[in-house]
Amino acid sequence: MNNKTRQFFVAALMAASLGTVIAAQAAGAVESLRGRDVETQSREPGKYATEKDGPPIERNYVQQPPLIPHKIDGYSITTNFNKCMDCHSWTRYRETGATKVSLTHFKDRDGKELSNISPRRYFCNQCHVPQTDAKPLVENTFKKAEGLR
Ligand code: HEC
Ligand code: HEC
């Protein structure tokens, strides 16, 4: 295959897959992997209200990043400032009543212990998420891990 033909094939493939995506969206029906129709929930910000601030939410398995039991609107995380650490750091948690960040959050990816939060744990919302009143998309039979039942 020369370069021109290859380019043509790539373009044709992309057009074909885009076509499928558009067709699926036009049909409006989304099917779960188990073949059930699911009602899609909009991702519009603000459509689903964040749950009220409350006590910590029980964990389902010990390695789980705990869910955030409070609103996080306006809690920004930038290169220079991490609003979460304003309350959750080891120097602030006593006055704020927040859980202090886990000791595991001070380890870099090579397992070296650091004196401040590890870069790989800096963007808290990668792992910790607040809760909304959105209903589950499909039913499921998820149960807590045995050690926490
Ligand atoms: C104004 C202070 C404050 C800020 C800012 C804050 N939190 Fe919290 N957070 C708390 C308090 C207080 C609790 C504990 C609630 C309780 O124990 O009743 C808590 C609880 C949590 C928990 C649950 C801990 C557990 O053991 O279950 C997580 C996870 C959490 N926050 C993550 C975050 C993240 C991520 C951010 C930034 C986006 C953030 N928090 C910003 C005060 C704060
Ligand atoms: C890469 C995923 C990840 C990131 C990023 C992350 N965490 Fe966690 N966090 C976890 C996991 C997993 C646990 C539970 C196991 C553990 O303690 O390591 C946890 C535990 C916690 C706890 C509970 C500690 C306890 O004693 O029970 C708090 C509070 C917390 N994280 C806050 C934060 C804050 C604040 C940030 C951002 C500065 C953050 N985490 C970033 C994964 C993450």
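On a predicted model such as this, the values are computed, not experimentally measured, just so you know.

**Section: the pattern of salt bridges**
Moving on, step 1. Enumeration according to the criterion identifies 4 salt bridges in this entry.
Moving on, step 2. For Asp 86, the salt bridge goes to Lys 83, with nearest N and O atoms at 3.1 Å. Of the two residues, Asp 86 and Lys 83 both sit in helix α2 (residues 83–88), 3 residues apart, roughly one turn of that helix.
Moving on, step 3. Asp 86 is the salt-bridge partner of Arg 92, the closest N and O atoms lying 3.4 Å from each other.
Moving on, step 4. With a relative accessible area of 29%, Arg 92 lands in the partly exposed category.
Moving on, step 5. On the accessibility criterion, Asp 86 (23% relative accessible area) is partly exposed.
Moving on, step 6. Through salt bridges with shared partners, a single ionic network connects Lys 83, Asp 86, Arg 92 and Glu 95.

**Focus on the coordination of the iron atom of ligand 2**
Moving on, step 1. For the iron atom of ligand 2, the protein coordination sphere consists of His 105 (NE2) and His 128 (NE2), at 2.0 Å.
Moving on, step 2. Each of the 6 donor atoms bound to the iron atom of ligand 2 contributes to angles spanning 87 to 179°, and the resulting shape is octahedral. In this pair, His 105 sits in the segment after α3 (93–96) while His 128 sits in the segment after α3, placing the two residues 23 residues apart along the sequence. The exposure classification of His 105 matches that of His 128, with both residues buried.

**Things to note about the site of ligand 2**
Moving on, step 1. Around ligand 2, the structure places 22 residues, and the nearest of them are Thr 104, His 105, Cys 124, Cys 127 and His 128.
Moving on, step 2. Arg 59 is positioned such that a nitrogen or oxygen atom in its side chain is 2.9 Å from an oxygen atom of ligand 2.
Moving on, step 3. Between ligand 2 and the protein, one listed contact pairs an oxygen atom with a side-chain N or O atom of Thr 104 at 2.5 Å.
Moving on, step 4. Of the pockets mapped on this structure, ligand 2 occupies the largest pocket.

**Looking at the site of ligand 1**
Moving on, step 1. The full set close to ligand 1 counts 22 residues, and Arg 59, His 70, Cys 84, Cys 87 and His 88 are the nearest of them.
Moving on, step 2. Between ligand 1 and His 88, the relevant distance is 2.7 Å, taken from a nitrogen atom to a side-chain nitrogen or oxygen of the residue.
Moving on, step 3. Structurally, ligand 1 is housed in the largest pocket.
Moving on, step 4. Sorting elements by how many residues they give to the shell around ligand 1 places α2 first, with 4 residues.
Moving on, step 5. Here the residues of the shell around ligand 1 are counted per class, giving 12 nonpolar, 8 polar and 2 charged.

Reading the values: rules and limits
Residues numbered from 1 in each chain as written. Chains lettered and ligands numbered in written order. Predicted model: local features only at pLDDT ≥ 70, side-chain atom pairs only at ≥ 80, totals over all residues. Heavy atoms only, no water. Salt bridge = Lys/Arg side-chain N within 4 Å of Asp/Glu carboxyl O. Helix = DSSP H or I, 4+ residues; strand = E, 2+ residues; numbered from the N terminus. Buried < 20%, exposed > 50% of the residue type's maximum accessible area, 1.4 Å probe, protein only. Donors = N, O, S within 2.8 Å, 3.2 Å for Na, K, Ca; no water. Tetrahedral: all angles 85-135°; square planar, octahedral: opposite > 155°, others 65-115°. Near = heavy atom within 4 Å. Polar contact = N/O pair within 3.5 Å; in protein donor to acceptor, adjacent residues only side chain to side chain. 1 Å grid on protein atoms, 1.4 Å probe; cavity = no way out; pocket = protein on both sides within 12 Å on 5 of 7 lines; lining within 4 Å. Sits in = over half its atoms within 2 Å of the grid points. Nonpolar A, V, L, I, M, F, W, Y, C, P; charged D, E, K, R; others polar.

Read these as layout, nothing more, since geometry by itself doesn't imply function.
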